[in-house]
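Residue-level structure breakdown
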2 protein chains.
Amino acid sequence: MSLIVQKFGGSSVSDADGIKRVARRIMDTRAQGHDVVVVVSAMGDTTDDLLDLAGQLTDDAPAREMDMLLSSGERISMALLAMAIDAAGGKAVSFTGSQAGMVTDAVHGKARIIEVSPDRVRKAIERQHVAIVAGFQGMSKDSHNITTMGRGGSDTTAVALAAALDADVCEIYTDVDGVYTADPRIVSSAQKIDKISSEEMLEMAASGAKVLHLRCVEYARRFGVPLHVRSSFSTNEGTWVLPSPDDKIKIQEGEPLEQPIISGVAHDRSEAKVTVVGVPDIPGKAAEIFGVIAGANSNIDMIVQNVSTAGRGKTDISFTLPIVEGKDALAALHEAQERIGFEGVEYNEKIGKLSLIGAGMRSNPGVSFRFFEALSAAGVNVDMISTSEIRISIVTDADKLDTAVKAVHTAFNLDSDDAATVYGGTGR
Amino acid sequence: MSLIVQKFGGSSVSDADGIKRVARRIMDTRAQGHDVVVVVSAMGDTTDDLLDLAGQLTDDAPAREMDMLLSSGERISMALLAMAIDAAGGKAVSFTGSQAGMVTDAVHGKARIIEVSPDRVRKAIERQHVAIVAGFQGMSKDSHNITTMGRGGSDTTAVALAAALDADVCEIYTDVDGVYTADPRIVSSAQKIDKISSEEMLEMAASGAKVLHLRCVEYARRFGVPLHVRSSFSTNEGTWVLPSPDDKIKIQEGEPLEQPIISGVAHDRSEAKVTVVGVPDIPGKAAEIFGVIAGANSNIDMIVQNVSTAGRGKTDISFTLPIVEGKDALAALHEAQERIGFEGVEYNEKIGKLSLIGAGMRSNPGVSFRFFEALSAAGVNVDMISTSEIRISIVTDADKLDTAVKAVHTAFNLDSDDAATVYGGTGR
């Protein structure tokens, strides 16, 4: 018997039928002899409807009241889910974030978890009840106000509860089968990944893969929680995200020893490129520029500094940041232009980022060569490059991104037909 | 400067415009220099929508989860109202029932208040904020579950907060101007009552007047909270419900000493009449019958026992109870028929109850005479009679009820044109 935390998103509980389906899924898990803790998001459009109501009253709602408003959404879905389980002959009890012991800081709208004390959840499990916990919300430690956690908050709630309860697995239910080697809407031959290390998943999520939130993967990795990303519409196994390298290389009997080199290809269209032109090539100027950007609360991703043109004493510095933060960053740069002494700023939103991720590239020389060769053969220009130990990312023109993703996916034999020859028998 | 508790019902906050109007009303009260605590119900149809969702899942929802579900409604309206006040330049902070210290028993769906500890509300007032409290909900004392209070719960929340905070007045905003001498839909000449004692209001509410809930009036009377029932659509004075007789006879300079004899005429169509026929006329039989009804959880209102027919040794016992409880009561009676030994049961839903209420009837002989004379002149049959010190109620045929209400209203000079001659200068 295991303790399983199951997280269901808003699209899984968008109406009464969805709630009933989720209730059956939970009952099936109980019938297999497991204890179940459920984390649930607000129903389908609830959050948008509430935001719309608030928008009719003000453009600048107090953050505390916005959290009070939005947190009602999960209260509705969790109570309904408890009723559906009861109607199906089970026993369930629902808990708000604060009842479940989700203690956060006081940053309304994007609170961070600072303590998890799920005493009432534990008691419910002991009484053989399904405990249903509101995702996305908690209570601030000192002021005892209701907080919400922002994007990825429900996934993170589930992982945090799994960690605090020492659950065997945290299942993240979604509307896709799992994590794919590339976005199936771009690469039709993309395959579902059976297992991936949380380290790799972290790079995938940071590089634009949308199935799991970066924050949730970080939490799971830090606390050693195994994640299982799977579909709420089937009982198929999804993708296991395993926290430690040890877990990753656990090999079942009869499974080939060879591990995959590459996990997948991720892409991202949400960033823009900023080039600061004609920066005086003297120490400290780059720091000044990034200080200005930081002051505008922008998150810089990739950075490239061009080699100074001999004798000219000037250089160009390019970086990427989220498009939504572009306007503020540009304003801050223009304001600082005279003081820093650069010549101008160029801004381009029509870029795409492609990332190749795989823990195996650490020990496999030649990955970069094959990567750039594939891009070149496909006629894809490479504008910026950044790498980590287990990732290579490039920036190209937005209209070349799909071509690039397909070319790289094929070059690393990730397409489904011939994948088995590279990946051994695991079929990932 | 006073501390004013203002309660707004669901129809006052049914959409963004309603919420803005309520926010302005609150700001106006603040501008007059008062501290304001607001109790708000769920928006318009929210509760019905939530009940509908639950109904799609189960006919028999666990009461704890139903409370969790329904309590989300006020959370939405109170957060939106706080936003609207903020947008209008005010400062407001919203509190759930449990944050506001509304501690109840554990009877989900109809919890009773057992303790009110509004520390956070008090602090908000000290910081010159408008405190907005969710009506209708609290937290159970021992189990710390969210409870709802059932019918009249928001009014009762407002009165309970007013009592705990020692507020100067509890204003109940509604869609009518106040309490009337009779239902204006039946008696077009009915007048708004300016002042009424809580004792009389209690009889009015118990006799079918719908503006204020019996429970709220009981609480206000017990804790000496002055109520002001008024319209959320105008700034006119409404009806003051004053808790102690002393308050009632406070006389402003120049006001005539004569107090009104009669406050108003209330009516009720929600009851049915049960007659148990041929009950053996021996001691203890009536007790047995009422024991059966109590066992079916029915609330008996009026009772009449006919005089035993000489020599027959049998009598009839009639009583009224809410129509909604009729079916269970009849079933229980039929089951007990053989044991008790009565001959049969008659049941009639086509009855109406009329009540004349006035503290002045205590010291004014002749009220009964004038009452029955008016009914007789109007051709209204009287089927049952019950009285208290300040009330006379009769039961008649349902189709005679409107005629009866008009006749009595006129007989006691409650019609607006000549009311002043009887009621002195207060114009009530």
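As a convention, each chain's residues are numbered from 1 in the sequence order in which they are written. Naming scheme: in the order in which they are written, chains are lettered from A and ligands are numbered from 1. Since the coordinates come from a predicted model, pLDDT governs what is reported: local features require at least 70, and pairs of side-chain atoms require 80 or more to be given and counted, while whole-chain, interface and lining totals use all residues. Side-chain measures here rest on the full set of heavy atoms in the structure, leaving out hydrogens and waters.

1. Overview of the sheet that holds strand β10 (residues 195-197) of chain B
Residue and element names in this part refer to chain B. We count it as follows: Here the rule is simple: two strands pair whenever DSSP picks up at least two bridges between them. Where helices and strands are cited, they refer to DSSP runs of H or I of at least four residues and of E of at least two residues respectively, numbered from the N terminus. Inter-axis angles, ranging from 0 to 180 degrees, are taken between N-to-C directions of lines fitted to C-alpha atoms, where helices are fitted over the stretch in contact. The contact rule is simple, with two residues in contact once any of their heavy atoms fall within 4.5 Å.
With mixed pairing, eight strands are arranged side by side in an open sheet as β3-β6-β2-β1-β9-β11-β12-β10. The strands lining the two open edges of the sheet, one partner per strand, are β3 (92-95) and β10. Neighbouring strand axes in the sheet, compared pairwise and without regard to direction, differ in orientation by 20 degrees on average. Bridge count for strand β1 (residues 3-8) against strand β9 (residues 169-174) is five bridges, and the pairing is parallel. Bridge pairing in β9 links Gln6 to Glu171. Here helix α7 (residues 198-206) sits on the sheet in contact with β10 and β12 (239-242), set at roughly 85 degrees to β10.

2. Considering the relation of the copies chain B and chain A
To be explicit about the condition: All copies are superposed by least squares; the fitting set is the C-alpha atoms of residues with a pLDDT of at least 70 in both.
Least-squares fitting of chain B to chain A yields an RMSD of 0.1 Å, with the superposition described by an axial translation of 0.1 Å and a rotation of 180 degrees. Taken together, these values place the two copies in the relation of a two-fold axis. Considering only C-alpha atoms, the residue of chain B closest to the rotation axis is Ser72 of chain B, which sits at 2.6 Å. Mapped onto chain A, 100% of the interface residues of chain B are again interface residues, and the two copies thus contact each other with one and the same surface.

3. Considering the interface of chain B and chain A
Rule in force here: Buried area is calculated as the accessible area (1.4 Å probe) missing from two parts once they are joined, with the contributions of both summed. Counted as a polar contact is a pair of N or O atoms within 3.5 Å, where, for protein atoms, one must be capable of donating a hydrogen and the other of accepting one, and residues adjacent in sequence contribute only when both atoms are in side chains. Under this grouping Gly is polar, as are all residues other than the nonpolar Ala, Val, Leu, Ile, Met, Phe, Trp, Tyr, Cys and Pro and the charged Asp, Glu, Lys and Arg.
Each partner contributes residues to the interface: chain B has 41 residues there, and chain A has 41 residues. With both chains or domains summed, chain B and chain A bury close to 3200 Å², and 66% of this area falls on carbon and sulfur atoms. Of all residues in chain B, Leu57, Arg75 and Met83 of chain B bury the most surface against chain A, accounting for 24% of the area lost on that side. Scanning the region where chain B abuts chain A turns up 14 residue pairs in polar contact (both at pLDDT 80 or more). Counting residues per element, the ones that place at least two in the side of chain B that touches chain A are α1 (16-31), α2 (46-57), α3 (63-70), α4 (72-87) and β3 of chain B. Broken down by element, the residue count for the side of chain B that touches chain A peaks at eleven residues, all from α4 of chain B. Tallied by class, residues from the side of chain B that touches chain A come to 24 nonpolar, ten polar and seven charged.

4. Some words on the pairing of strand β6 (residues 130-134) of chain A
All names here are of chain A. Note the threshold: In this scheme, a residue with accessible area under 20% of its type's maximum is buried, one over 50% is exposed, and one in between is partly exposed, where area comes from a 1.4 Å probe on protein chains only.
A large share of β6 lies buried, amounting to five of its five residues. Along β6, one buried face is formed by Val130, Ile132 and Ala134 and the opposite face, lined by Ala131 and Val133, is buried too. Strand direction decides the pairing type here: strand β2 (residues 35-40) and β6, joined by four bridges, are parallel. Across the sheet, residue Val38 finds its bridge partner in β6, namely Ile132. Relative to β6, strand β3 (residues 92-95) runs parallel, the two sharing four bridges. Bridge assignment links Val93 to a residue of β6, and that residue is Ala131.

5. Considerations on a negative patch on the surface
Inclusion rule: Patch construction takes residues with relative accessible area above 30% that form no salt bridge. Like charges are linked within 9 Å, and nonpolar side chains (Val, Leu, Ile, Met, Phe, Trp, Tyr) are linked within 5 Å. What sets the accessible areas is the Shrake-Rupley method with a 1.4 Å probe; for residues, cover comes only from the shown protein chains. A pair is scored as a salt bridge if a Lys or Arg side-chain nitrogen falls within 4 Å of a carboxyl oxygen belonging to Asp or Glu. Positive charges are assigned to Lys and Arg, negative charges to Asp and Glu, while His and the chain termini are left out of the count. Each charge is placed at NZ for Lys, CZ for Arg, CG for Asp and CD for Glu.
Residues Asp45, Asp48, Asp49 and Asp52 of chain A make up a contiguous surface patch of negative charge. With respect to the element layout, Asp48 of chain A can be found in helix α2 (residues 46-55).

6. Looking at the UniProt feature "binding site: ATP" (unreviewed entry) in chain A
Residue and element names in this part refer to chain A. Basically, it comes down to this: UniProt positions are given in the numbering used here, feature names are shortened, and annotations may be inferred rather than shown by experiment.
Those places that UniProt annotates as "binding site: ATP" (unreviewed entry) correspond, in this numbering, to Lys7, Phe8, Gly9, Gly10, Thr174, Asp175, Tyr180, Arg185, Lys210 and Val211. These annotated residues cover 205 residues of sequence, and their C-alpha atoms sit far apart, with the largest distance between any two at 24.7 Å. Along the chain, Lys7 falls in strand β1 (residues 3-8). By the secondary structure assignment, Phe8 is in strand β1. Judged by relative accessible area, Phe8 falls into the buried class, the value being 0%.

7. What about the environment of Ser12 of chain A?
Residues and elements named next belong to chain A. You can see Ser12 is positioned in the loop between β1 and α1 (16-31). Using a relative accessible area of 2% as the deciding quantity, one classes Ser12 as buried. C-alpha of Ser12 to C-alpha of Val367: the two residues are 355 residues apart in sequence and 39 Å apart in space. Not counting the four nearest positions on each side in its chain, Ser12 is found in contact with Gly18, Ile19, Arg21, Val22 and Ser232. There is a polar contact of 3.1 Å between the side chain of Ser12 and the side chain of Ser232.

8. Topic: the sheet that holds strand β14 (residues 271-280) of chain A
Residue and element names in this part refer to chain A. Strand order in the open sheet formed by four strands is β15-β16-β14-β17, and the pairing between neighbours is antiparallel. Among the strands making up the open sheet, the edge pair consists of β15 (303-305) and β17 (344-348). Averaged over all pairs of adjacent strands, the angle between strand axes in this sheet comes to 15 degrees, irrespective of strand direction. As defined by bridge partners, β14 adjoins β17 across five bridges and the pair is classed as antiparallel. Of the residues in β17, the one forming a bridge with Lys273 is Asn348. Across the face of the sheet, helix α10 (residues 285-295) comes into contact with β14, β15 and β16 (314-322) while running at roughly 25 degrees to β16. Contacts between helix α11 (residues 326-340) and the sheet are confined to β14, β16 and β17, with β17 contributing the most and set at about 165 degrees to the helix.

9. Quick word on the pairing of strand β14 (residues 271-280) of chain B
All names here are of chain B. Most of β14 is tucked away: ten of the ten residues are buried. Sheet topology note: the β14/strand β16 (residues 314-322) ladder contains eight bridges and is antiparallel. When the sheet's bridge partners are listed, Val279 is paired in β16 with Thr315.

10. Digging into the confidence of the model for chain A
Convention followed: A residue's pLDDT is the confidence the predictor assigns to it, expressed on a 0 to 100 scale.
For chain A, per-residue confidence averages 88 on the pLDDT scale, and residues scoring 70 or more make up 92% of the total. Reported for the predicted complex are a pTM of 0.80 and an ipTM of 0.77.

11. Some points on α7 of chain B
Residue pairs three or four apart in sequence face the same way in an α-helix, which turns once every 3.6 residues. Residue and element names in this part refer to chain B. Within α7, seven of the nine residues are buried, leaving the element largely enclosed by the surrounding structure. Taken together, the buried positions of α7 are occupied by Ser198, Glu200, Met201, Leu202, Glu203, Met204 and Ala205. Positive phi shows up at Gly208, right after α7, with a value of about 115 degrees.

12. Details of the pattern of salt bridges
Residue and element names in this part refer to chain A. Overall, the coordinates contain 30 salt bridges over all chains when judged by the stated rule. A salt bridge links Glu115 to Lys141; the nearest nitrogen and oxygen atoms lie 2.6 Å apart. Of this pair, Glu115 sits in strand β5 (residues 113-116) while Lys141 sits in the loop between β7 (137-140) and β8 (146-148), and the two are 26 residues apart along the sequence. Given the relative accessible area of 41%, Lys141 is considered partly exposed.

13. Description of the environment of Leu375 of chain B
All names here are of chain B. When you line up the elements, Leu375 lands in helix α12 (residues 367-377). Overall, the relative accessible area of 1% leaves Leu375 in the buried class. Each C-alpha atom of the pair Leu375 and Ala404 lies 6.1 Å from the other, and the pair is 29 residues apart in sequence. Those residues in contact with Leu375, other than ones at most four positions away along the chain, are Val380, Val382, Ile394, Ala404 and Val408.

14. Here's the deal with the packing of helix α6 (residues 153-164) of chain B against helix α8 (residues 214-223) of chain B
Residue and element names in this part refer to chain B. For clarity, the threshold we go by: Angles below 35 degrees are treated as roughly parallel, those above 145 as roughly antiparallel, those between 65 and 115 as roughly perpendicular, and all remaining angles as oblique.
Where α6 meets α8, the closest approach of the two axes is 8 Å, and the angle between their N-to-C directions is 10 degrees. Between α6 and α8, the crossing angle belongs to the class labelled roughly parallel. Of the residues in α8, those in contact with Asp155, Thr156, Val159, Ala160 and Ala163 of α6 are Arg215, Cys216, Tyr219, Ala220 and Phe223. Along the lines of polarity and charge, the residues of the contact of α6 with α8 split into seven nonpolar, one polar and two charged.

15. Digging into the side chain of Ser386 of chain A
Residues and elements named next belong to chain A. Structurally, Ser386 can be placed in strand β19 (residues 384-388). With a relative accessible area of 18%, Ser386 lands in the buried category. Within the structure, Ser386 has its side chain in polar contact with the side chain of Arg391 (distance 3.4 Å). Excluding residues that lie within four positions of it along the chain, Ser386 makes contacts with Met302, Arg391, Ile392 and Ser393.

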